[in-house]
Amino acid sequence: MSAVSLPLDEEVVTITSAGVSPLLPTYKRAPMQLVRGEGVELIDSDGKRYLDFASGIAVNALGYGDPGIAQAMSDALSTGLIHTSNLYRTPAGERLAAKLVERSFASQVFFCNSGAEANEGAFKFARRWGRKIGTDAKVEIIALRGSFHGRLFASLAATDRPSYRAPFRPLAGAVSICERDIAELDTALDEERVAALIVEPIQGEGGVRVLDSDFLRRLRTLTAQREIALIFDEIQCGLGRTGYFFAYENLGVVPDMLTLAKPLAGGLPMGAVLVSEEIGATIQPGDHGTTFGGGPLVAAVAAHVVDRLSDTSLLEAVRENGAWLGEQLGAIARRSGKVRAIRGTGYIWGLDVIEPANEIVKRGWDEGLLALTAGEYTLRLLPPLVMDRDELTRGLKILEKIISK
Ligand code: PLP
């Protein structure tokens, strides 16, 4: 099938001669075509502006056109090194790993290219470690009801979305999902068989469920007693979104591994697995790898993002504005009578609504607001972390209008 190009303003849209998009239809895309980003707004090919309450699904924490990202990118490009492979040392990746280690419980970091890959890597490291401290039976991975950990075979097996899973069975073996219930977990977490428990401290795709810190502390106690690795998936809720650099910092619970992706490299693809000293000590050359992970360009940009998201005044603003957002959303719920529940913290919020959330998202496009869903009846809000009170207020006004309609 040959491809033809049709001009649309300055953009070029390519369709095949059969009149269909050359992109596989794995996404139901919104009709507008986004051509620019400025601050916390996106602009489409008709010049229409959209205030961003989505951040490219929790990626664009610094909004659009951040000068530091451009500078970091141009400095990195001036070295001529976009990629070297992981066969050689480069300063950018080592510097970034050192920053993440310095800020966290971890002693070492593995870089990859996405969230699902980060979780797959964490599962492999858990099995490597589990076999070392236990027997060949200590390989199982347990995830929680409501979880989303990615769409590759092991991360999908750890993802509680029947419709995402069913067409692709068989998924990776020895990965199962358990209720978010201490008694059930107490039974499931068999120390002879289980290598790791993976948990999102805030289940993002699963409806913005903020897990109770007491529940998480009990999971920490159980896993520590049984030598089961506790993995925190902070791919969506980490890196400042809760108002803390890592979500775990505010929970009084320290994991053994932590996965990151989404905002890490300012929109360039990057994932990371942070590992404790004990787990890191069991990993050897050849155990895992990836061609692109932690290359000089992405790592240089990520170092800038990590510095910005470590800024105490930015984190404080996310906490303060986040508390205020919660109050404002509560007021919208009362005034509209169209919201059944509100969950969230910082700049991650979910609103259970009484009509399909997708309909509200679509009305947002008309009114110039980009928002997300998290399941059929939950609206999800993930503004860039640099969004200020005035911009949030503007977004909330639109939100109230589209919810109340
Ligand atoms: N884990 C969590 C908590 C996520 O929210 C996501 C993506 O939404 C993933 C993993 C998968 O990340 P990616 O889409 O980069 O593979």
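Colleague: Quick rundown of the site of the ligand? Include the residues and the values.
Modeller: Close contacts around the ligand come from 13 residues, with Gly115, Ala116, Asp233, Gln236 and Lys262 the closest. Measuring from an oxygen atom of the ligand, one finds a backbone N or O atom of alanine 116 at 2.8 Å. Phenylalanine 148 places a polar main-chain atom, nitrogen or oxygen, 3.4 Å from a nitrogen atom of the ligand. For the ligand, the accessible surface in isolation is 390 Å², of which the surrounding protein chains cover 81%.

Colleague: I'd like to hear about the domain arrangement of the chain, residue by residue, with values.
Modeller: The domain boundaries assigned to the chain delineate domain 1 (36-66 + 312-404) and domain 2 (69-309). Once you take the C-alpha centre of each, domain 1 and domain 2 turn out to be 26 Å apart. Taken together, the contacts link 29 residues of domain 1 with 26 residues of domain 2. Of the roughly 2200 Å² buried at the junction of domain 1 and domain 2 (both faces included), carbon and sulfur atoms supply 59%.

Colleague: So what's going on with the sheet that holds strand 19 (residues 378-381)? Residues and values would help.
Modeller: Within the open sheet, the 4 strands sit side by side as 15-16-19-18. Their pairing is antiparallel. Looking at which strands have only one partner, the edges of the open sheet turn out to be strand 15 (339-345) and strand 18 (372-373). Note that strand 15 and strand 16 (residues 348-353) share 6 bridges and pair antiparallel. Bridge pairing in strand 16 links isoleucine 342 to leucine 351.

Colleague: Pulling in residues and values, what's your account of the packing of aromatic side chains?
Modeller: One pass over the structure, following the stated rule, counts 5 aromatic pairs. Note on phenylalanine 105 and tyrosine 248: the rings are 5.7 Å apart at their centroids and 75° apart in plane angle, and the pair reads as edge-to-face. Taken together, the residues phenylalanine 105 in the loop between helix 3 (91-103) and strand 6 (108-112) and tyrosine 248 in the loop between strand 12 (229-233) and strand 13 (257-260) connect sequence positions 143 residues apart. Taken together, a centroid distance of 5.6 Å and an interplanar angle of 75° make the contact between phenylalanine 110 and phenylalanine 125 edge-to-face.

Rules behind the numbers
Residues numbered from 1 in each chain as written. Predicted model: local features only at pLDDT ≥ 70, side-chain atom pairs only at ≥ 80, totals over all residues. Heavy atoms only, no water. Near = heavy atom within 4 Å. Polar contact = N/O pair within 3.5 Å; in protein donor to acceptor, adjacent residues only side chain to side chain. Areas by Shrake-Rupley, 256 points an atom, 1.4 Å probe, with all protein chains shown as cover. Domains from an automatic or database assignment. Contact = heavy atoms within 4.5 Å. Buried area = accessible area lost by both parts, 1.4 Å probe. Pairing = 2+ DSSP bridges. Helix = DSSP H or I, 4+ residues; strand = E, 2+ residues; numbered from the N terminus. Phe/Tyr/Trp six-rings, centres within 6.5 Å; stacked < 30°, edge-to-face > 60°.

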